[in-house]
Amino acid sequence: MHKVEVNIDLLIPKTMTKLAPKERYPPQWQNTTARKQHNVGRRVVCGLIALGSVLFLSYRQPLQLFPGSSGRPWESIELHKEAGFQWRQISPSPELEYHDCFDGFQCARLEVPMDHRHTDGKGRKMAVAVARLPAKVPVTDPRYGGAILINPGGPGGSGVAQLLISGRNLQTIADADADPASEFDGSLSDLPKYYDIIGFDPRGVNNTTPGFTCFPDTFSRRNWELQAEAEGMLGSGPGSLIRNWQRSMALAESCSQVIATSINGEEALGEHVNTPQVTADMLEIVERHGQWRERQGKAAQAAQDMQHGYDNSQAFVERTRWNKGKEKLLYWGRSYGTVLGATFAALYPDRVERVVLDGVVDLDAYYLTSSPSVLADSDAIFERFAEYCHTVGSEGCPFHHPGGPDAIKKAYRELLSRIYDEPFAVPASLSHGPEVITWTDVKVLTRIAMYQPLIVFPLFAEFLAELKQGNGTNFVGFKQGSREPSCLSDECLLAGPWSRECSVPGGNENYATAAILCTDAENLGNVDRQGFKDYWESLKATSETLGDYWAHARLDCVGWKAKAKWKFTGPFGANTSYPLLWIGNTLDPVTPLRSAQKMSLKFPGSVVLQQDSEGHTTLAAPSFCVAKAVRTYFQTGELPAPGTVCQADLKPLIGASPSSVLYAANLTPGDRALYAAIEDEVRSFRTAGPFRPL
Ligand SMILES: *[C@@H]1O[C@H](CO)[C@@H](O)[C@H](O)[C@H]1NC(C)=O
Ligand SMILES: *[C@@H]1O[C@H](CO)[C@@H](O)[C@H](O)[C@H]1NC(C)=O
Ligand SMILES: *[C@@H]1O[C@H](CO)[C@@H](O)[C@H](O)[C@H]1NC(C)=O
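Residues numbered from 1 in each chain as written. Chains lettered and ligands numbered in written order. Predicted model: local features only at pLDDT ≥ 70, side-chain atom pairs only at ≥ 80, totals over all residues. Heavy atoms only, no water.

Re the packing of aromatic side chains
Any pair of aromatic rings gets described here by the distance separating the centres and the angle formed by the planes. For the structure on display, the rule yields 29 aromatic pairs. Ring plane angle 50 degrees and centroid distance 4.7 Å describe the contact between Phe382 and Tyr412, whose orientation is recorded as tilted. Of this pair, Phe382 sits in helix 11 (residues 378–396) while Tyr412 sits in helix 12 (residues 404–421), and the two are 30 residues apart along the sequence. A relative accessible area of 5% places Tyr412 in the buried class. Measuring from centroid to centroid gives 5.1 Å for Phe385 and Phe457, while their planes differ by 70 degrees, and the two rings are edge-to-face. With a gap of 72 residues between them, Phe385 in helix 11 and Phe457 in helix 14 (residues 453–468) connect regions that are remote in the sequence. Residue classification places Phe457 among the buried positions, given a relative accessible area of 0%. Aromatic ring contacts, followed pair by pair, group Tyr195, Trp332, Tyr578, Tyr633 and Phe634 into a single cluster. Sitting over the ring of Trp224, Arg247 keeps its end group 3.8 Å from the ring centre. The positively charged end of Lys540 is found above the aromatic ring belonging to Trp536, 4.3 Å away from the centroid. (Phe/Tyr/Trp six-rings, centres within 6.5 Å; stacked < 30°, edge-to-face > 60°. Helix = DSSP H or I, 4+ residues; strand = E, 2+ residues; numbered from the N terminus. Buried < 20%, exposed > 50% of the residue type's maximum accessible area, 1.4 Å probe, protein only. Lys NZ or Arg CZ within 6 Å of the ring centre and 35° of its normal.)

Considering the site of ligand 1
Lining the immediate environment of ligand 1, one finds Glu466, Asn471, Thr473 and Asn474. The separation between an oxygen atom of ligand 1 and a polar side-chain atom of Asn471 is 2.3 Å. About the coverage of ligand 1: the protein hides 34% of its 360 Å² of free accessible area. Along the lines of polarity and charge, the residues of the shell around ligand 1 split into no nonpolar, three polar and one charged. (Near = heavy atom within 4 Å. Polar contact = N/O pair within 3.5 Å; in protein donor to acceptor, adjacent residues only side chain to side chain. Areas by Shrake-Rupley, 256 points an atom, 1.4 Å probe, with all protein chains shown as cover. Nonpolar A, V, L, I, M, F, W, Y, C, P; charged D, E, K, R; others polar.)

Concerning the packing of helix 12 against helix 13 (residues 439–451)
The N-to-C vectors of helix 12 and helix 13 enclose an angle of 145 degrees; their axes lie 8 Å apart at closest approach. Contacts between helix 12 and helix 13 involve Tyr412, Leu416, Ile419 and Tyr420 from the first element and Trp439, Val442, Lys443 and Thr446 from the second. Of the residues belonging to the contact of helix 12 with helix 13, the class tally is six nonpolar, one polar and one charged. (Axes fitted to C-alpha atoms, helices over the stretch in contact; angles between N-to-C directions. Contact = heavy atoms within 4.5 Å.)

Here's the deal with the pattern of salt bridges
Tallied over the full model, the rule gives 36 salt bridges. When the shortest N-O distance is used, the salt bridge between Glu229 and Arg483 registers 2.4 Å. Of this pair, Glu229 sits in helix 4 (residues 218–231) while Arg483 sits in the loop between helix 15 (473–480) and helix 16 (490–495), and the two are 254 residues apart along the sequence. We note a salt bridge from Lys561 to Glu253, for which the minimum N-O separation is 3.3 Å. One end of the pair, Lys561, is in the loop between helix 19 (547–553) and strand 12 (581–587); the other, Glu253, is in helix 5 (residues 240–254), with 308 residues separating them in the sequence. On the basis of relative accessibility, which here comes to 32%, the residue Lys561 falls in the partly exposed class. You can call Glu253 partly exposed: its relative accessible area is 43%. Three or more residues joined by partner-sharing salt bridges are found here, namely Glu229, Glu435, Asp441, Lys479 and Arg483. (Salt bridge = Lys/Arg side-chain N within 4 Å of Asp/Glu carboxyl O.)

A few points about the site of ligand 3
Looking at ligand 3, the residues that line it are Ala574, Asn575 and Lys602. Between an oxygen atom of ligand 3 and a side-chain N or O atom of Asn575, the distance comes to 2.2 Å. Protein chains bury 28% of the 360 Å² of accessible surface belonging to ligand 3 in isolation.

Brief notes about helix 5
Under the 1.5 Å per step criterion, the end-to-end length of helix 5 is 22 Å for 15 residues, consistent within 8% with the ideal 21 Å. Within helix 5 the residues assigned to the buried category are Ser240, Leu241, Asn244, Trp245, Arg247, Ser248, Leu251 and Ala252. Angularly, the buried residues of helix 5 cover 160 degrees about the axis, an arc narrow enough to put them on a single face. (Expected span 1.5 Å × (residues − 1). Arc of directions from axis to C-beta.)

A closer look at the nonpolar core
Phe385, Phe399 and Trp582 are the most contacted members of the largest nonpolar core, which has 181 residues in total. Counting residues per element, this core draws most heavily on helix 14, at eleven residues. For Phe385, the contacting residues outside a window of four places in its chain are Cys397, Phe399, Ile408, Phe457, Phe460, Ala461 and Leu653. (Core = buried A, V, L, I, M, F, W, Y, C linked by side-chain atoms within 4.5 Å.)

Topic: helix 12
Between its terminal C-alpha atoms helix 12 stretches 27 Å, which fits the 26 Å expected from 18 residues at 1.5 Å a residue. For helix 12, the set of buried residues is Gly404, Ile408, Lys409, Ala411, Tyr412, Leu415, Leu416 and Ile419. Summarising the contacts, the buried residues of helix 12 are in contact with helix 11, strand 10 (424–426), strand 11 (435–437), helix 13 and helix 14.

A word on the side chain of Asp196
Note that Asp196 resides in strand 7 (residues 194–200). There is a polar contact of 3.1 Å between the side chain of Asp196 and the side chain of Arg132. Separated by 2.5 Å, the side chains of Asp196 and Tyr144 make a polar contact. The contacts of Asp196, once residues within four sequence positions are left out, are Arg132, Leu133, Pro134, Ala135, Tyr144, Gly146, Ala147, Ile148, His289 and Trp292.

Let's talk about the state of the cysteines
With the rule as written, the count across this model stands at six disulfides. Put simply, Cys389 and Cys397 are joined by a disulfide, and their sulfur atoms are 1.9 Å apart. Negative torsions about the S-S bond denote left-handed disulfides, and the value of about -85 degrees found for Cys389 with Cys397 makes this one left-handed. Each member of the pair Cys389 and Cys397 is classed as buried. (Disulfide = S-S within 2.5 Å.)

Some points on unusual backbone geometry
Among all residues save glycine, negative phi is the norm, and among peptide bonds the norm is trans. Omega for the bond connecting Thr209 with Pro210 falls within 30 degrees of zero, at -5 degrees, which places this linkage in the cis form. For Pro210, the position within the fold is in the loop between strand 7 and helix 4. Here the residue pair Gly570 and Pro571 is connected by a cis peptide bond, since its omega of 5 degrees sits within 30 degrees of zero. As for its position among the elements, Pro571 is in the loop between helix 19 and strand 12. A positive phi is found at Asn264, a non-glycine position, where the angle reads about 55 degrees. Inspection of the secondary structure assignment puts Asn264 in the loop between helix 6 (256–260) and helix 7 (275–308). Classification of Asn264 by relative accessible area gives exposed; the value is 75%. One non-glycine residue with positive phi stands out, namely Ser335, at about 55 degrees. Mapped onto the elements, Ser335 comes out in the loop between strand 8 (329–334) and helix 9 (336–347). Judged by its relative accessible area of 0%, Ser335 is buried.

Right, here's the structure in full:
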């Protein structure tokens, strides 16, 4: 097979960087914020799958609660071919045995039972991929705070990938401000703390094994996904339901059927990837971390004693002792990661030390599919777009229309309706092949804009304005720029379809989403076409902006065959050994603030912190105030006062408000480093594409 080369630069619309809101920063911040410039190779060889958007200048796991598959403008993709390190070089073990991996990380494969209710040590095993960013102090240091587990959402998002990309930022936020190298002269009770950050791939996801695949090879998968794009999503035309329904049936037969089938009476993977099993994996990681810490402590003590003579206090050993069966969880989850965290807290309430849940999913709605109100605030974000666009005028918002916000909304609806009837033809150019821009494409862009207003409103306005004027060049860049090459490796060609050589870890991300979601929320599969249509209608009635998308994202479940063996039916609350911290945006398209408030009532003592911004999770906008609150919670355990509202430091289209921390005169270098970390998080968050479910 000959190699095809793709020139990355051609795929990125020039305006994407032009309109990034950084230009609206106060001048003193222009050069101080740490924006990581990834060294994107100019050329990508087919087969390496290395395509990325330069928009965010770094590459990040989606936080995607509810993400999508094809047309992922800013999602994806294998950036760094794992130089040297391969997960399969590590043998799975029942204890945490770390090996150096990537750049300054450590990796382990933790063996766990496939079915945690199997306590007799029999049955199939899984190997959970665990990656650790070491704390800035050794575990024997009194300032060592423990390990914070993280999850990026999805479901189906890779915690390992999140760690590689975000781990250092998250550590900066949770860690004490003080330089760990400096002498500490305060009292023991307010020791600064430094944390390990641990990312792990949940079951069915990326590097955790056994994995699964729904396609014989990448080529077949990419074709399937391109067809999804071409068919259009729910609402794209009169036949959209039946066409997509049948696709869902075809996928389920070949995918869920396989992983739901037990061989020789053994556990079937598809029945054990749901959230309760993953919380048991987390508990196992937490316990094994305690064991690992103790091992480290003993080794350090032995070395110390050898050098300086026996230390009667055995301080290292004391400090690192494994509280067997009693180790507690430190956790920070976003979006679907809040389902994981809250489920853990409900199942193991006495194992909670610190839990931050950001972009809160209502567990009733998630597990029982009880209410369409998850979209309650999504249209309000669209309203904000119209308002902000009106406020900044045509200079800052190319889709501005005289006549106020209503005129802007009207123009959007007209454009959408026109393109519904008549997709927009864009001839080939030097930079791209021929393309058609459809209603689905505009809806997808809209969806992404609602998740990430700060970053995407400017592009949204620009693309819409151009489209209205009959120019689809940049839009095509957006649409095509996310497509991955799908050439097969030589190994795959040799081994043939469905071989291990043809299955790429992480390639099944969208289908991992279905595997988890559809077995968590069994109701989603228990509907006929009419029932689904009613569900879709109710979502549309709640949200003009996202109703079709949300329904579409759940369509994978209608034919899903696997059912979970260990179901979690509640209660979705508990008295936890330490109160949880919930965080919600004033307006979040899919995890409305009200879900956080509702969940908080079920966990006595927990507090909701409100970030006054639009978008999905606190990654929607940097908020120094929220970052400080999270740090305080990890450092001292102190929760924000109930009712606390934090401002965001940047507003979509508008930029920094005068009250923003960006204008504060007295920021310390530590404050700036903290702000740089959250800003980098926000900027490099790549939101997911069109059709991925919750
Ligand atoms: C469309 O917009 C692009 C980018 O702004 C520009 O380079 C191009 O000339 C425009 N094409 C037409 C036909 O106006
Ligand atoms: C899977 O994990 C690897 C690290 O082993 C990471 O580089 C890659 O981005 C992850 N893939 C996905 C789809 O998250
Ligand atoms: C928490 O404990 C209180 C007091 O014992 C009890 O009344 C309440 O029902 C418990 N709440 C939950 C969610 O378990």
